Amino acid sequence: MSPAPEVEKIAPIRKSVVVRRKPEEAFSIFTERLSSWWPHKTHSLFKDKAATVVMEPRNGGKLYEISDSGERKEWGTIVSWDPPRGFVSTWHPGMDPANPTEVEIRFTAVSEGTRVDLEHRNWEKLGAKAAESREGYDKGWVAVFEESFVKGCA
């Protein structure tokens, strides 16, 4: 039996913002009020037919969107839930749920409020689509995380 081929490691996407909120508030806005700031009309599977996005607040909870007609499409599963410090979720919107990437969000108190760090990793699981997908998400997280989430905390 020959050894498995080496998979080239792809650098995670890392983004960081500071919001003028306490960590508990920033965590609540990010998780409990996800649909209030997530740009689901442009950054979702249903696009303009998207009604809401939901995060079930617990280990094993699901992250999903719901269309105007009530159809549900899953984005991932919470694998680590540690309020208000952060959470980790598998991530597979529109992709094979058997080979998800992973998103970690951390909330840290700083003098200006809360630093919120995002790390999107495990791109290797996407095989031939990894580099292209990573590039798209690197740009997408700017609109979603650095712009929409920050506005949602204002």
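Residues numbered from 1 in each chain as written. Predicted model: local features only at pLDDT ≥ 70, side-chain atom pairs only at ≥ 80, totals over all residues. Heavy atoms only, no water.

J.: Would you mind showing me how to read empty space enclosed by the protein here?
T.: It is a probe the size of a water molecule, rolled over the atoms, that shows where empty space is left. Considering all chains together, one arrives at one cavity of 30 Å³ or more under this definition. What the largest cavity holds in volume is close to 80 Å³. If you trace the largest cavity, you find it lined by Phe30, Leu34, Trp38, Met55, Leu63, Trp75, Phe87, Ser89, Trp91, Val103 and Trp141. The greatest single-element share of the lining of the largest cavity, amounting to three residues, is contributed by strand β5 (residues 86–91). Across the lining of the largest cavity, the residue classes break down as 10 nonpolar, one polar and no charged. (1 Å grid on protein atoms, 1.4 Å probe; cavity = no way out; pocket = protein on both sides within 12 Å on 5 of 7 lines; lining within 4 Å. Points joined across faces, edges and corners; volume = space filled by probe spheres on them. Helix = DSSP H or I, 4+ residues; strand = E, 2+ residues; numbered from the N terminus. Nonpolar A, V, L, I, M, F, W, Y, C, P; charged D, E, K, R; others polar.)

J.: How do you make sense of the sheet that holds strand β1 (residues 13–19) when you look at a structure like this?
T.: Paired through their backbone hydrogen bonds, the strands of a sheet run either parallel or antiparallel. Read across the open sheet, the seven strands follow the order β1-β7-β6-β5-β4-β3-β2; overall the sheet is antiparallel. Strands at the two margins of the open sheet, each flanked by one partner only, are β1 and β2 (50–55). Neighbouring strand axes in the sheet, compared pairwise and without regard to direction, differ in orientation by 20 degrees on average. Bridge count between strand β4 (residues 72–82) and β5: four bridges; the pairing is antiparallel. From the neighbouring strand, isoleucine 78 faces β5, where its bridge partner is serine 89. Strand contacts of helix α1 (residues 23–31): β1, β2, β4, β5, β6 (101–110) and β7 (113–121), with the helix running at about 150 degrees to β6, the strand carrying the most contacts. (Pairing = 2+ DSSP bridges. Axes fitted to C-alpha atoms, helices over the stretch in contact; angles between N-to-C directions. Contact = heavy atoms within 4.5 Å.)

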